[in-house]
There are 6 protein chains.
Amino acid sequence: MRPSGRAPDQLRPVSLEPGFSRHAEGSCLVKFGDTHVLCTASVDEKVPPWMRNSGKGWVTAEYGMLPRSTHTRTDREAARGKQSGRTQEIQRLIGRSLRAVVNLQAMGERQINIDCDVLQADGGTRTASITGAWVALHFAFQRLIKDGKLAANPLSGEVAAVSCGLWEGTAVLDLDYPEDSKAEADANFVLTGKGGIVEIQGTAEQDPFSEDQFLELLKLAKKGIGELSKLQRAAVGLD
Amino acid sequence: MRPSGRAPDQLRPVSLEPGFSRHAEGSCLVKFGDTHVLCTASVDEKVPPWMRNSGKGWVTAEYGMLPRSTHTRTDREAARGKQSGRTQEIQRLIGRSLRAVVNLQAMGERQINIDCDVLQADGGTRTASITGAWVALHFAFQRLIKDGKLAANPLSGEVAAVSCGLWEGTAVLDLDYPEDSKAEADANFVLTGKGGIVEIQGTAEQDPFSEDQFLELLKLAKKGIGELSKLQRAAVGLD
Amino acid sequence: MRPSGRAPDQLRPVSLEPGFSRHAEGSCLVKFGDTHVLCTASVDEKVPPWMRNSGKGWVTAEYGMLPRSTHTRTDREAARGKQSGRTQEIQRLIGRSLRAVVNLQAMGERQINIDCDVLQADGGTRTASITGAWVALHFAFQRLIKDGKLAANPLSGEVAAVSCGLWEGTAVLDLDYPEDSKAEADANFVLTGKGGIVEIQGTAEQDPFSEDQFLELLKLAKKGIGELSKLQRAAVGLD
Amino acid sequence: MRPSGRAPDQLRPVSLEPGFSRHAEGSCLVKFGDTHVLCTASVDEKVPPWMRNSGKGWVTAEYGMLPRSTHTRTDREAARGKQSGRTQEIQRLIGRSLRAVVNLQAMGERQINIDCDVLQADGGTRTASITGAWVALHFAFQRLIKDGKLAANPLSGEVAAVSCGLWEGTAVLDLDYPEDSKAEADANFVLTGKGGIVEIQGTAEQDPFSEDQFLELLKLAKKGIGELSKLQRAAVGLD
Amino acid sequence: MRPSGRAPDQLRPVSLEPGFSRHAEGSCLVKFGDTHVLCTASVDEKVPPWMRNSGKGWVTAEYGMLPRSTHTRTDREAARGKQSGRTQEIQRLIGRSLRAVVNLQAMGERQINIDCDVLQADGGTRTASITGAWVALHFAFQRLIKDGKLAANPLSGEVAAVSCGLWEGTAVLDLDYPEDSKAEADANFVLTGKGGIVEIQGTAEQDPFSEDQFLELLKLAKKGIGELSKLQRAAVGLD
Amino acid sequence: MRPSGRAPDQLRPVSLEPGFSRHAEGSCLVKFGDTHVLCTASVDEKVPPWMRNSGKGWVTAEYGMLPRSTHTRTDREAARGKQSGRTQEIQRLIGRSLRAVVNLQAMGERQINIDCDVLQADGGTRTASITGAWVALHFAFQRLIKDGKLAANPLSGEVAAVSCGLWEGTAVLDLDYPEDSKAEADANFVLTGKGGIVEIQGTAEQDPFSEDQFLELLKLAKKGIGELSKLQRAAVGLD
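Cut-offs applied
- Residues numbered from 1 in each chain as written.
- Chains lettered and ligands numbered in written order.
- Predicted model: local features only at pLDDT ≥ 70, side-chain atom pairs only at ≥ 80, totals over all residues.
- Heavy atoms only, no water.
- UniProt positions renumbered as here; feature names shortened; annotations may be inferred.
- Helix = DSSP H or I, 4+ residues; strand = E, 2+ residues; numbered from the N terminus.
- Rg over C-alpha atoms; globule rule 2.2 N^0.38 Å.
- Buried < 20%, exposed > 50% of the residue type's maximum accessible area, 1.4 Å probe, protein only.
- Contact = heavy atoms within 4.5 Å.
- Least-squares fit on C-alpha atoms with pLDDT ≥ 70 in both.
- Phe/Tyr/Trp six-rings, centres within 6.5 Å; stacked < 30°, edge-to-face > 60°.
- Axes fitted to C-alpha atoms, helices over the stretch in contact; angles between N-to-C directions.
- Parallel < 35°, antiparallel > 145°, perpendicular 65-115°, else oblique.
- Left-handed = near helix turned anticlockwise from the far one by under 90°.
- Nonpolar A, V, L, I, M, F, W, Y, C, P; charged D, E, K, R; others polar.
- Pairing = 2+ DSSP bridges.

- Going by an unreviewed UniProt entry, chain A carries the name Ribonuclease PH and comes from Reyranella humidisoli.
- The Sequence similarities (unreviewed entry) comment attached to chain A in UniProt states, word for word, "Belongs to the RNase PH family."
- What the UniProt record of chain A gives under Subunit (unreviewed entry) is the line "Homohexameric ring arranged as a trimer of dimers."

The structure is reproduced here in C-alpha cells:
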C-alpha cells in the first residue's frame, strides 16, 4: 500500500491552471498533488549570438525552488551566488524536452524563455515542470499568432513527463516525496502525446535493476503520460 | 484622476491569505492589487555565529522576484550569480522593519528566516512584503507556542508598510506601477499599528520636494497603515 | 552632554580640500571630524548601453572603505569577491542624490563616475561622501567647460547630506561613531542648498519614534546643511 | 557504413592503463579510441560534515576537460569562474555510478575523490570516465588493504558505461564524435559486470524514438559493457 | 636626460609619514614622488587555521588601487568581483618580503595584516608599498610591546624595495610612470638594510638583456635601498 | 649529496614529446623528471578587443594543475570558482616569456593561446611549462606557414626556463620537489637560446642571500638552459 493510498498505476490529482501570471505571454500553474510549479513562457525577439542569422528560433528553460518550497528551508541560490548541479541538470532537461516538439524553423528567429519556479515541493518537480511548461509554451505561441507574428503554432504535439519507481519492490507511477526518498529505483520519462520517447533517465538508488523491471516502469509511464497529455490538450482548448 | 480610478487616499484591494505554503511554520500570500508576494517564515533553532550565547534571537529576511513577475522578463539572480543592489536594499529593509516589533530576548536563541518572493509585480513589492511578512512571522511564533517552545508571542504589535508619492502634483496613497514609474516623489513608510515610525525612505525622483509635501505623504501613510493593520489583525485572528 | 562635547545642533569640524587627487578631473578630500573620504569624479565620454542616443548623460557612484578605515579591520570586498548590501545601498544613494541637482540633458551624452573611498571612518561616511562628491563633480564639470566641451555647468545648485539622530533622548546633529552606535533613531537627510528635500532615510534603531521627533531631526538637518552648502560654495569659489 | 569503418556493434579500441599517475592511490589512463581520460582516485580520511559519525564512507567525482582536448579550444572553467551545467551533470553521474557498486558501510568512514580529466576528446568522454574510474577506484581500495586499513575490497563488482545511438537509422555502439554530432538519438548506459542496470539516460536528438528502438540500443549496450567489464577485470588482475 | 630631470642614480623625493591612520596599530603614508600609498598594519590575535598551535605568527598583505589613482579610471575590483592577477602577484610579493625580516617564532601566535592602498599612482607602487609597509609593521610591533604582549620587536632589520630599469639604453633608479611605460627592462629589488637580497624580479620588456646590464641595475638598487633604509630608520626613530 | 643523487649542475632527465595532442595546432608533453606538463598552442584568428586593428598579434597563456598531480589532492580551481594567486602569477610569467621571442608584428593579427596543464608535479612546473610551451608554439607557427597564412616563423629564437636554488648551502640546478620544499633560496631563470635574460625571479626562502650566491645560481641557469635549448631545437627539427 502506497503512503498516499494510491493504486500503483494512479497519478496524483493533477491540475493545469493557465493564465496564472498576468505579464507572461504564456503561463500555467501546474499541480501534481502537493507539488506546485509556476511555469511562464516569455517571448524574446532576439536569439542568442550563436544562433543569429540561422533563421531558427530557440526554446530555453530555467528552474528554481523557492527557499521554503521544501520541507526544511533550502538556501536561496541567488544568495549563495550559484545554481546547484541539480538545478542546472533539471533546466537543461526541461529545455531539451520542449525543443523536441517545437519546429525551431517555423517559430522564427526569436527565443522563448521558460521559467519553472517551484512554489511547493512534494516530489516530481521536474516532471510537473515539463508538463506545465508545455501549456505555457503553447499559449506563448498562440499569442504570437494573435499578434500576427506567426501563422501557425510550431508545436508538433504535446510533451509531458512523469516519474516511476520501484517502491517496496512494486513498480509505481508518479512518486511523491515519501516514496521518492525510499524508492529502490527512480526513472523520469518524457514522452510525446503520441507515445514517442523524448528522454529517459533511470537510476538505481540501491541495487541495480533488471531490464524487465525497467520495462514495467516504462509501461506505467506510458499510461500516466497518456492521461497527462489529455489534461494538457484540455487546458489549451484542443479537445 | 489616477490611472486606476482610485481616490488619492485609497489603497488597492488588499488581501492577506495565511497558510498558503504547506511546509513553512508561517506563511502568507499578500496581494496589493496586482502585486502578489508569497511570504514564508522558517524557524531555525540556530542563531548566526556572532549571536551565539547572547540569549537573544534574530529575524532576517530574503527577497526575490520570479523572472517573469515583471512586465518584461528580468534575469534570474541565481543565474547571474549575484543579488542586485536593489534586492539587498529591500531585504535589509524587511528584516529591520520586522525586528522593530519583535522582542528578541523573548523569542529565545533561535532565528526566523523570512522569505518574500514576488510572484507578480505591479509596484509596491517591498511594502506588500513587509505587510505580509508580519502575518507569516506571527504564525511562526504561534507555532512555537503550540509546540511548547515559547510561552507568549514576542511580537509587540503590528508593523506594516505603504508607499506614497507625488503624482501629477497630487499626493497619492499606495502607488501602483503606472503611477510609480511617473511619480515626482516616492516615499516608503513603515509604521507600527499604533502609528509609531519605524522607517521612512523618501526620494525626489525629479525636483526636490518641500517639507509640507512630505508631511502630506506622511498623513496619507498613517491612514493607509491604519487600514493595513486592521487587515493584519483580522488575518491572524486578533480582532 | 555629547561624547565629543558638541552642542546638539553643532556639526563636527568640516573641511573640503579640492584637488587632492592629481589624475581625476575633479576631486575632494572631505573631512567630517575623524571621518575622511576621498571623492573623485572621472569623466567617461561613453554612456552605458541603455542610454545611448538618448542625448542625456549620467552620473553614477561607487563607494568603498579601506580595510583599516574602521576601528577593527574589515575584510576587503575585492578579496571577498562581492560588495556588501550596505555598500550597494550607499553607492546607489550617492548617485541618486547627485543626479537630483544635475541637468542630465545639459551635460551631454557622457558619464561621470564618482568614487567615494573612505580613508578613515568615524560615523557619517555616506553623508560626508555626498557632500564631498558634489565638490568633485563641480570641478569635473568645470574641466569640461575649460576643455570647450560644455558651455555651462549643468549643476542646478548644491546638494549636501547630514545625519541626525536621537541620542539619550535628545535630537542631535551629525552623529559620530560613538553616538551612532547608541542612537535610538538615526536619519540621513539629503537636501539642496535651497532647502529642498532630495532624500530622507530614517530608521528607528530601538523603539519607534513619533512624527514630532522626526520633525525635530529635520529641523536640525536643515540648519546643518545650510552650513555645509556654504562650505561647498566656498570650496568651489562660488562665494 | 560508420565513418570509422566499424561494425554497428563494434567498440573502438579500448585500453586501460593503470598506475599512470605517480601520486594518486589509484589511477588509470583510459582510451576509447581517440578519447583519452586520466582517472585518479584520492583517499581522504575525512568524510563530508553531513556524513560524520554515520559509519559510512563516500565516493564522489569531479570532471574536467583540458581546454584543448576539444576540436576547437574551449574556455577553461577555472578562468570563467564556474563549472558548466554539462560538467556538473557528468560528475554527478560518475559519482552515482561508482557508488552503485561500493559497499559504503564496508569502506569505512573515509571519502574517495575521483577525478576524471579529459586529455583528448572524441565523443563518449563520460562513458570512458566511468569505465576508467572504476579501475582507479579498485586500486585505491587495494592500497587501503595493503596499508592494513581495509580487510577486503568493498567493490561488489564492476561498473562500466557505453553510449549507443541511432545513426543514419541504424543502432550503433560506442559513438565517436563524428557520429555523436549527427546521431538521431543518443543513450548512455551504465551497467554492472553482471548486466544489472545502474543508470540509463536516453535522449532523442531529433524525432522521438520508439520503445523497440530503445531496446535495440540496450541490447548493444549489454554486449559492449560485457567486453568492457572483461577489460576492467584484466586491468586489475582479477581474471 | 630623464623626463623628470633626475640623475640616473637619483630617487624621487621620498617621504614616510607614520600614524596617518587613526585606528590602525601601525600606519604609514609613503610617497615616492607622485606615487602615494597608505600602508596599515592590523593586529589579529588569531592565526589562520593551518598555523594553529604552531607557536608561530604570520604576516600577510593585501594590495589595492583606488579606481582613480590611475591616469584613466580603472574598474573597482570589488565591483568586478575579483582581484586581478597583477594584484595577487603584488600582494604575495609584499607579504613574502616582510616575512623575510620577521622572526615569526618571536612574534607569537598572532597575525598581522598589512594593507597597501594606492591613493595615487605614478609608477613603482609595489616598491613604495613594501617600503612603507615596513614602517607600519614596525609600529604595530611597538604597540604590542607597549601593551605588554611582546618583549622585543621581532623585526631583524629593515626591508625596502626599489625598481630599476633600462631607459633609452641607460640604467636608471626608481622608475616613474613615464619611464616605466617605455623601459626596455624593468627590475624590482627587495633588499634588507644590510644589503642582503630578499627578492629579485627582472623582466625584459623588449629585447633580452645581458648579465652586465643586470649587474648595473643591481648596483643602482643597492644605492637606492641604502637611502631608503636610512629614511625608514628615521621614520621609526631608530637613528 | 642531492636527494636524487644528481650532481649540483645536473638537470633531471628531460624529454620533449611534440604532437601529444591530436587537435591542437601545436603541442608538446614535456617531462623534467617526474614533472609532466601537457602544453598546447591554439590558434585563434581573433585578437582581444584592445588589440584590434593594431596590426599585431598576441600570445597568451593559461596554467592549471590536475587535482591529483600533487602529492596530496589539491582542490580543483574550476570547482572553487577562482584561480589562485599562484596560478595567475605563473600564467602571466609564461605569456611574458614567450612573447619575448615572438615578433608580434610578423605573426599577424591573430592570437595564440598556450595551455600548460600539469599532469604530474614534482617541482619546477613553471619552468617545464615555459620550455615545453615554446615547442608547442613553434609547431603552431609552422602550421600557419603550412596553411599559407604566414611566410616565415615569427620566433626569433628559443626561450627556456629552469630553477636554481641554494640547498643545504650549495647552489644546485633544476630543483625537484624534495629540494624545493627545503631550499634556502629559489630562483627561476628564463633565458633565450643565446643566453639573453628574459626574466629573473629570485626569492630568499629563509635568510637573505648575497650577490655572489645569486651569480652562482645564474651561472648554473646558463648551463642548464644551454642544454634545454639544444633539446628544444632537436624537438622541432632545427638541428
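**Digging into the overall build of chain A**
Next, step 1: The number of helices and strands found in chain A is 5 helices and 9 strands.
Next, step 2: Reading the secondary structure of chain A in the N-to-C direction produces β-β-β-β-α-α-β-α-β-β-α-β-β-α.
Next, step 3: Taking 2.2 N^0.38 as the reference for a compact globule, 239 residues should give roughly 18 Å; the C-alpha atoms of chain A span a radius of gyration of 18 Å, in line with that estimate.
Next, step 4: Its C-alpha atoms put chain A at 55 × 40 × 30 Å along the principal axes.
Next, step 5: Across the 239 residues of chain A, 60% fall into the buried class.
Next, step 6: Sequence-distant contacts, at least 24 apart, represent 70% of the contacts inside chain A between residues at least 6 apart.

**Some words on the relation of the copies chain F and chain D**
Next, step 1: When chain F is brought onto chain D, the operation consists of a screw motion whose angular component is 180° and whose axial shift is 0.0 Å, with 0.0 Å RMSD remaining. On the angle and the small slide along the axis, the relation comes out as a two-fold axis.
Next, step 2: The residues that chain F uses at the interface reappear at the interface of chain D in 100% of cases, marking a shared surface.

**Focus on the packing of aromatic side chains**
All names here are of chain B.
Next, step 1: Here the structure, examined in full by the defined rule, presents 21 aromatic pairs over all chains.
Next, step 2: Ring centres 6.0 Å apart and planes at 40° place the aromatic pair phenylalanine 189 and phenylalanine 214 in the tilted group. Taken together, the positions of phenylalanine 189 in strand E8 (residues 185-192) and phenylalanine 214 in helix H5 (residues 211-236) put the pair 25 residues apart, joining distant regions of the chain.

**Digging into the packing of helix H5 (residues 211-235) of chain E against helix H5 (residues 211-236) of chain F**
Next, step 1: One can describe the packing of H5 of chain E onto H5 of chain F by two numbers: an axis separation of 13 Å at closest approach and a directional angle of 160°. Classified by the angle between their axes, H5 of chain E and H5 of chain F sit roughly antiparallel to one another. Along this stretch, H5 of chain E crosses H5 of chain F, giving a crossing that reads as right-handed. Contact with H5 of chain E, carried on its side by Glu211, Phe214, Leu215, Leu218 and Lys222 of chain E, involves Glu211, Phe214, Leu215, Leu218 and Lys222 of chain F of H5 of chain F and no other residues of that element.
Next, step 2: In terms of residue class, the contact of H5 of chain E with H5 of chain F is built from 6 nonpolar, no polar and 4 charged.

**Re the UniProt feature "domain: Exoribonuclease phosphorolytic" (unreviewed entry) in chain A**
All names here are of chain A.
Next, step 1: As recorded in UniProt, the feature "domain: Exoribonuclease phosphorolytic" (unreviewed entry) lies at residues 10-138 and 159-224.
Next, step 2: Counted over residues 10-138, helix gives 26% and strand 31%. Its end C-alpha atoms are 26 Å apart.
Next, step 3: A helix fraction of 27% and a strand fraction of 44% characterise residues 159-224, whose end C-alpha atoms lie 12 Å from each other.

**Here's the deal with the sheet that holds strand E1 (residues 14-18) of chain E**
Hydrogen bonds between backbone atoms are what pair the strands of a sheet, whose relative direction is either parallel or antiparallel.
All names here are of chain E.
Next, step 1: Taken together, the 5 strands give an open sheet; going across it, the order is E1-E2-E3-E5-E4, and neighbouring strands pair in mixed fashion. Two strands in the sheet have a free side with no partner beyond their single neighbour: E1 and strand E4 (58-65). The mean inter-strand angle of the sheet, taken between neighbouring strand axes irrespective of direction, is 20°.
Next, step 2: The sheet contact formed by strand E2 (residues 26-32) and strand E3 (residues 35-44) spans 7 bridges and is antiparallel. Its bridge partner being in E3, serine 27 is matched across the sheet by threonine 40.
Next, step 3: Running over the sheet, helix H2 (residues 85-99) touches E4 and strand E5 (111-120) and is turned about 145° from E4.
Next, step 4: Along the sheet, helix H3 (residues 125-146) makes contact with E1, E2, E3, E4 and E5, crossing E3 at roughly 35°.

**Here we look at the pairing of strand E5 (residues 111-120) of chain D**
Residues and elements named next belong to chain D.
Next, step 1: Most of E5 sits inside the fold, with 10 of its 10 residues counted as buried.
Next, step 2: As defined by bridge partners, strand E3 (residues 35-44) adjoins E5 across 9 bridges and the pair is classed as antiparallel. Bridged to valine 37 within E5 is valine 118.
Next, step 3: Two elements, strand E4 (residues 58-65) and E5, share 8 bridges in a ladder whose sense is parallel.

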